[in-house]
Amino acid sequence: MTRRNKGLTSLYTALFALILIFNGCENPGSVGDDFTNSPVVTFDTLEVKNTSVLNFEDGYSGNFPFMAMGKYNDQIFGDIDATTFVRPIRNPNIPDSLEIEGNNFSMKLEVGLDSAQTYGDTLGTASFSVYEITSLWRGTSHRVNDELDYNEANLIGQFQVGSEKNILIDLADSWKDKYASYLNNEEDNADSLYQYEFHGLAIVPTGSSGKIDFPNASETRFLILNEDQTDTASVPLNNWAYSINRSNVPQTEGAFPLHTTMESAMRIVFPTEELKQKHSSSNIIKSELIFYSAEENLQNSLPVNHYRPNINLLGLNQRTVDDDVFEYQLTDPDFIAPIIEDSAYFKAPVNTFVNNALYGEEEQNEMIVGIGSSSGILRSTLIFNSEAPSHKKPKLIITYIVNEEN
Amino acid sequence: MKKINIHSFLSLAIVISIFAASSVFAQDDSSSKSKGGSFYSLFGLGFPTDNNTARELGLGIPGVSLDNSQSNSLYNPALWGKNVLTTTSSGFLFSKFNSSDNNTANENSSLQANYLQLTLPIYREKFGISASLYPVTRSNYQFTNTTNTIVTPEDDTINYRTETTGSGGVNKLEIGFGWTINKNFAFGYAPSLAFVSQKTINNAFFDRIDYGNTTISNKITGSSFSHRFGALLSFQNIISSDDRITIGSSFILPVEISVDEKIVSTKQVNGRDREVTLNEQSGLGAKLPAEWTGGVTYYPSNLFNISLEGKLQTWSEAESSINSNTQSLELSDRTKLGLGAEYHPYKTNSTSFLSNFRYSGGVSFDSGHLSFQGDDINTLWFSAGLGIISPFSNSTIDISAQYGLRGTTSNNLVREKIWALNLSVNLTELMFFRPKLN
């Protein structure tokens, strides 16, 4: 290589090195931010101006994890009378060691209560009578307002519930004998006969009991005891449900009650038109629906030692017309509004709905706000509606970015 | 066919690597290696770009009077009529910006392809045509806002930071001709399509996951026709028997461009990410100023030349109805004056290694096109250049280094110290044969 070529090659090498050095330096910063339009996060609050109450009296209440039994006069949510219905399976697994033949056995009902939740007077005692149900019913289709017939002339059992969480109830031989006839029936149509003729027991609150307990379906069962009562066989539940009779419900001004049974829910009209007018051109980064609970009313209405199962979230569903109760109570809600800890409001992120309304084909603007649940625990809350004072009304908070001029 | 030598190969390698790295004339940062440029390119249609070859930049002048029949020049269409060879050339710019105001400092760097030009001598040293693509203004910035804190209506405290990046600008696609009418006078005309393609991206980053991150893009597009004229006067034997002087001038008519502005963001709509238009405006006005460039170059001998050139752009009459970022700074007329000299030892018969190159140096003052409360955002440039001449053809590689001081920190404005490395590659006869017509 000539001297000249060597020199040129060195130059090319240096050039490549300079390219790499220049291209590698980068430390962007905020120099000159006094002269630029700084993007600023801004909030806008749109009131939900149209709300109404919806009463779904036929919410589902059968074959849930929990049942409800008892009476409680809630100053906010009315007088509640909850009756539980249970029916044993026909062909339990009875070990030979019990030596059961015909009806030489006795039966008990074991009720396991939810250890955490009691609705009402936590120190009180509740009394119950057990009767045989005389009307046809089915757990999966049972509704909270279904009224089952039961034979009050023939008391099958009775018991009281204090602070204990597990109760054993002796059942009358008359009912046991009737069950035994189906248990021992080996005809082909035994199941069918059992289905249509044997309806189980109703646990009916009596007296002026001041609390509602929640039997756990997985811990509630019938027991078959041998003649000497030295050995038992478990008879799981075949169907279980409860019905609610709610009366004397006071009206709270500016608020609607919400129940897990869907006896009451709130319908809101989403402020879509105002949203389109004000924010079609906004760079929206967050949209939230806020609902305030009437916490003061809820707290002040509970006497000492009384407890009301609380709720942690609301469910929002877009309005539907087909099987609406099923949709609102038992399916996953379209939007969830968790409670904000230590605050008396619920917040639902609804950005997708807002995007669909502004840029998509979303035409539906009605939402149902409820606390539908398939747990069976009775929970209620009081949510401020559009008639509430301005700072408590449901509202849509839009968070967006604007370029603020210096 | 001539044998391709090692230097031609390396030249091509540099060109290809830089083209690949900078995605030639890419209009947005998504496809460009350019990261950040001048803070002042944030304003208006971007910062005016000087599309000079590295040779001209080494001299610190536009090059309107720099007569050279063996290489390209963009600035004066009249020069295209003097070309001897078919020539293609391209320029690249590597810049590093150290910016500071009264509070903070930051550092940006950028890599840009400047221009691409092809000239064909239809009638040797009489009539030539040129086709070129080059930027007129360039937005190229990356800007981070300091962390902000807001309190939500529910008394939540949220911190966020925003980042703004800009890219694109005004470019021209130009086809023109140069005609050497006689030995003293040449004339040129170049119509072009001026098109705007500018994009500003704002990102916001939050310290809360439920806020996510958001991006909004502002796209500006539009086009119009532009016209450029050039003239060159050449005189020989002025003082001595082998000296000469060239006086050049070019003029660009002002351009009004009707632009469309579209603000878009990506949102999840009906379960899918979709780009939605937040705002759209059509028929907005953008203006490019009239530009006059003039200068004189004196050649005492074929080894040395000295140039004095100036440029005036009437930016004060180029208010646009787009890009509100300009509101805090005003557009003002831009004047640029440059003085430079060049030495050509490669034309001697010396065998010294240092005699294989062309050397240049210069200084220029640019009053800038922006001002704030009477303070012009001016730039003082010092430059030096080196020309590498192919021993086998007339192809050249020119390298120039520039150091510039731009702006001021008074009024909390931004002062930039700029290092720029320019490279232009001028290929003749390597890939193009002389037309048989000649």
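These figures come from a predicted structure and were not determined experimentally.

About the cut-offs
- Sequence positions are assigned chain by chain, starting from 1 and proceeding in written order.
- Here every chain gets a letter starting at A, and every ligand a number starting at 1, in the order they are written.
- In view of the model being predicted, local features appear only for residues whose pLDDT reaches at least 70, and side-chain atom pairs are presented and counted only at 80 or more, with totals across whole chains, interfaces and linings using the full set of residues.
- In this description a helix means any DSSP run of H or I spanning at least four residues, a strand means any run of E spanning at least two, and both kinds are numbered starting from the N terminus.
- Any residue whose C-beta has 12 or fewer other C-beta atoms within 10 Å is treated as exposed, any with 20 or more as buried, and any in between as partly exposed, C-beta atoms being built from the backbone.
- Working definition: the nonpolar core is a set of buried Ala, Val, Leu, Ile, Met, Phe, Trp, Tyr and Cys residues, joined through C-beta atoms within 7 Å.
- By the convention adopted here, residues are in contact when the distance between their C-beta atoms, placed from the backbone, does not exceed 7 Å.
- Two strands pair if DSSP finds at least two bridges between them.
- Throughout, an axis means a line fitted to C-alpha atoms (over the contacting stretch in the case of helices), and angles, computed between N-to-C directions, take values from 0 to 180 degrees.
- Put simply, angles under 35 degrees are roughly parallel, angles over 145 are roughly antiparallel, angles from 65 to 115 are roughly perpendicular, and the rest are oblique.
- Charged residues are taken to be Asp, Glu, Lys and Arg, nonpolar residues to be Ala, Val, Leu, Ile, Met, Phe, Trp, Tyr, Cys and Pro, and polar residues to be all remaining types, Gly included.
- Per the annotation, domain bounds derive from an automatic or database assignment of domains.

1. Concerning the overall build of chain B
Counting its regular elements, chain B contains two helices and 23 strands. Counting across all 438 residues of chain B, residues that qualify as buried make up 47%.

2. Observations concerning the nonpolar core
All names here are of chain A. Counting residues in each nonpolar core, the largest one holds 46 residues, and the members touching the most others are M67, A68, M69, L201, I212 and Y242. In contact with Y242, other than residues within four places in its own chain, are S61, M67, A68, M69, A82, T83, T84 and F85. Core analysis: the second largest hydrophobic core is formed by 44 residues, A265, F270, I284 and L289 among them.

3. Concerning the pairing of strand β15 (residues 265-269) of chain A
Residue and element names in this part refer to chain A. Note that strand β2 (residues 51-54) and β15 share four bridges and pair antiparallel. When the sheet's bridge partners are listed, S52 is paired in β15 with R267. Pairing of β15 with strand β21 (residues 366-370), which is carried by four bridges, proceeds in the antiparallel orientation. Of the residues in β21, the one forming a bridge with I268 is M367.

4. Observations regarding the packing of helix α4 (residues 272-279) of chain A against helix α7 (residues 351-359) of chain A
Residues and elements named next belong to chain A. α7 packs onto α4 with a crossing angle of 70° between their chain directions and a minimal axis gap of 10 Å. Between α4 and α7, the crossing angle belongs to the class labelled roughly perpendicular. Residues T272, L275, K276 and H279 of α4 pack against V354, A357 and L358 of α7. Looking at the contact of α4 with α7 residue by residue, the class counts come to four nonpolar, two polar and one charged.

5. Side note on the domain arrangement of chain A
Residue and element names in this part refer to chain A. Domains assigned within chain A are domain 1 (42-56 + 249-405) and domain 2 (69-247). Computed over C-alpha atoms only, the centres of domain 1 and domain 2 are separated by 38 Å. Taken residue by residue, the interface counts 19 residues in domain 1 and 16 residues in domain 2. Those elements that place two or more of their residues in the side of domain 1 that touches domain 2 are α5 (295-300), β17 (306-307) and β22 (380-384). Its residues assigned to classes, the side of domain 1 that touches domain 2 shows nine nonpolar, eight polar and two charged.

6. As for the sheet that holds β2(A)
What holds strands together in a sheet is hydrogen bonding between their backbones, with the strands either parallel or antiparallel. Residues and elements named next belong to chain A. What the five strands build is an open sheet, ordered β2-β15-β21-β18-β19; its pairing is antiparallel. In this open sheet, the two strands that pair with only one neighbour each are β2 and β19 (335-338). This sheet shows a mean twist of 25° between the axes of neighbouring strands, independent of strand direction. As paired strands, strand β18 (residues 313-318) and β19 are joined by four bridges and run antiparallel to one another. Residue pairing across strands places L314 opposite A337, the latter belonging to β19.

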